[in-house]
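Structural description and commentary
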Amino acid sequence: METSKIDRLEEQLFRDKNILVDVLREDLNHPVIQGNKLRKLTYNLKNAKKKGNKTLMTFGGAYSNHILAVAQAGKEYGFNTIGIIRGEETLPLNYTLRNCIELGMVIQYIDRTTYKLKNTPDFKDYLRNIYGSFYLIPEGGSNYYAINGCMEIIPKNNDYDYICCPIGTGGTIAGITISNQNKSKVLGFPALKGGDFLKKEVTNFVNEVVNENETTNDLMQSLSIISEYHFGGYAKIKEELINFVRNFYQTHQFKWDLIYNGKMAYGVYDMIEKDYFPKESKILLIHTGGLQGINGFEERNKRVIYE
Ligand SMILES: *Cc1c(COP(=O)(O)O)cnc(C)c1O
């Protein structure tokens, strides 16, 4: 794993408000199995190898960072890979799926109704009948092993008042919440609309590792879900967000993806402007990677985000 570094963001706004903002550059840990996806896969790959599995299977949408990460991990660590994709095949294939296939992944499309049944035993039997035995990684990669990997994201003995992280399934922030041990406030920024149910999801993930309701509830005290910055949902385009990430790139020379991290960073800037954070706060943003998603976004919307 390449080492992630921490960048301090210099902005007049932050000086005016007397606030420090750092970014943990997990986007630098791998070019493809990037950011939180590497954290989530690390112990799953070890476990799959230990169990003698030769094939990894997982689920996701056609633009999923996780699907591509699994395809790349298969290639690098010597597993066959199968990706079960939600919805119909769309030709020409998008950037993500083209790369998955080039990496040797077998793709099977599943209609959206059947896809909802993906966690049922019947469906797993159906897949085993077709593909034989495999190591199953859930959609988005969030399971016990993934959360253990995500517990290694935040720096040990840090003195941040706030740790900010985007949320999809909630697995990543569950790992952060556990390793944080109630020291910092943890702010989660859902990429999706209607993120209120997420606190429950994160609680379940935390408890999968902690396995003690009282301790889990105690750890969850530090977590707040900030649900105002989803920009209309998963892959909606908003000019304000595009302008924000472009300006940010010109000033700081690194990129945010538009699905997850751009929304979080936009949210934090907005919250600083609105004095959400007390003076002298020290804030850490976790850059969870996902930069491959920009290619699909550009193809789909026929426009270039970063010149
Ligand atoms: C998958 C992903 C997330 C969401 O992580 P969860 O553990 O599902 O909450 C956040 N950021 C990026 C870049 C991702 O690819």
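What you are looking at is a predicted structure, and each value in this text was computed from that prediction instead of being measured. (Residues numbered from 1 in each chain as written. Predicted model: local features only at pLDDT ≥ 70, side-chain atom pairs only at ≥ 80, totals over all residues. Heavy atoms only, no water.)

Moving on, we get to the nonpolar core. Counting residues in each nonpolar core, the largest one holds 38 residues, and the members touching the most others are Phe-189, Trp-256, Ile-272, Phe-277, Ile-283 and Leu-285. Secondary structure elements with two or more residues in this core: α1 (12-17), β2 (20-25), β7 (162-167), β8 (185-190), α11 (239-252), α12 (261-273), β10 (282-287) and α13 (292-301). The dominant element in this core, judged by the number of residues it contributes, is α12, at seven residues. Setting aside residues no more than four positions away along its own chain, Leu-285 makes contact with Val-21, Asp-22, Val-23, Leu-24, Cys-164, Trp-256, Met-264, Ala-265 and Val-268. (Core = buried A, V, L, I, M, F, W, Y, C linked by side-chain atoms within 4.5 Å. Buried < 20%, exposed > 50% of the residue type's maximum accessible area, 1.4 Å probe, protein only. Helix = DSSP H or I, 4+ residues; strand = E, 2+ residues; numbered from the N terminus. Contact = heavy atoms within 4.5 Å.)

Let's shift gears to the environment of Ile-178. Examined against the element boundaries, Ile-178 turns out to sit in helix α8 (residues 171-180). Considering only alpha carbons, one finds Ile-178 and Glu-152, 26 residues apart in sequence, at a separation of 10.0 Å.

Right, let's get into the side chain of Thr-58. Relative to the helices and strands, Thr-58 resides in strand β3 (residues 55-60). A distance of 2.7 Å separates the side chain of Thr-58 from the side chain of His-66, its partner in a polar contact. There is a polar contact of 3.3 Å between the side chain of Thr-58 and the backbone oxygen of Pro-138. Excluding its chain neighbours within four sequence positions, the residues that come into contact with Thr-58 are His-66, Ile-67, Val-70, Ile-82, Gly-83, Ile-84, Ile-137, Pro-138 and Glu-139. (Polar contact = N/O pair within 3.5 Å; in protein donor to acceptor, adjacent residues only side chain to side chain.)

The next point concerns the site of the ligand. What surrounds the ligand is a group of 16 residues, the closest being Lys-37, Asn-65, Thr-169, Thr-172 and Thr-288. In the model, an oxygen atom of the ligand is placed 3.1 Å from a nitrogen or oxygen of the Asn-36 side chain. When the ligand sits alone it has 380 Å² of accessible area, and the protein chains cover 98% of it. At the level of elements, α2 (36-50) and α8 are the ones that each hand at least two residues to the shell around the ligand. (Near = heavy atom within 4 Å. Areas by Shrake-Rupley, 256 points an atom, 1.4 Å probe, with all protein chains shown as cover.)

Note the cis peptide between Leu-91 and Pro-92, where omega equals -10°. Although it is not a glycine, Gln-253 adopts a positive phi angle of roughly 60°. On the secondary structure map, Gln-253 appears in the loop between α11 and α12. For Gln-253, a relative accessible area of 58% puts it in the exposed group. In this model, Glu-280 sits at a positive phi of 70°, which is unusual for a non-glycine residue.

What follows deals with the domain arrangement of the chain. Assigned domains within the chain: domain 1 (6-32 + 144-301) and domain 2 (36-141). A straight line from the C-alpha centre of domain 1 to that of domain 2 covers 25 Å. Both sides of the domain 1 and domain 2 interface together cover about 2,000 Å² of buried area, and 51% of this is carbon and sulfur. Contact with domain 2 buries area across many residues of domain 1, yet Val-32, Tyr-145 and Gln-292 alone supply 29% of it, more than any other trio. In this structure, the connection of domain 1 to domain 2 is made through two salt bridges. The residue Glu-26 makes a salt bridge to Arg-39 at a minimum N-O spacing of 2.8 Å. (Domains from an automatic or database assignment. Buried area = accessible area lost by both parts, 1.4 Å probe. Salt bridge = Lys/Arg side-chain N within 4 Å of Asp/Glu carboxyl O.)

Turning our attention to the sheet that holds strand β5 (residues 106-110). Spatially, the four strands line up as an open sheet ordered β5-β4-β3-β6, and their pairing is parallel. Strands at the two margins of the open sheet, each flanked by one partner only, are β5 and β6 (135-137). The average angle at which neighbouring strand axes cross in this sheet is 20°, direction not considered. Judged from the three bridges that link them, β3 and β6 form a sheet pairing that is parallel. Pairing of Leu-56 across the sheet is with Tyr-135, part of β6. Lying over the sheet, α2 contacts β3 and β6, oriented at roughly 165° with respect to β6. (Pairing = 2+ DSSP bridges. Axes fitted to C-alpha atoms, helices over the stretch in contact; angles between N-to-C directions.)

In contact at an axis separation of 9 Å, α8 and helix α9 (residues 198-210) are set at 55° when each is read in the N-to-C sense. The orientation of α8 with respect to α9, classified from their angle, is oblique. Handedness of the crossing formed by α8 with α9: right-handed. Within the contact between the two elements, α8 uses Gly-171, Ile-173, Ala-174, Thr-177 and Ile-178 and α9 uses Val-202, Phe-205, Val-206, Val-209 and Val-210. Residue composition of the contact of α8 with α9, by class: eight nonpolar, two polar and no charged. (Parallel < 35°, antiparallel > 145°, perpendicular 65-115°, else oblique. Left-handed = near helix turned anticlockwise from the far one by under 90°. Nonpolar A, V, L, I, M, F, W, Y, C, P; charged D, E, K, R; others polar.)

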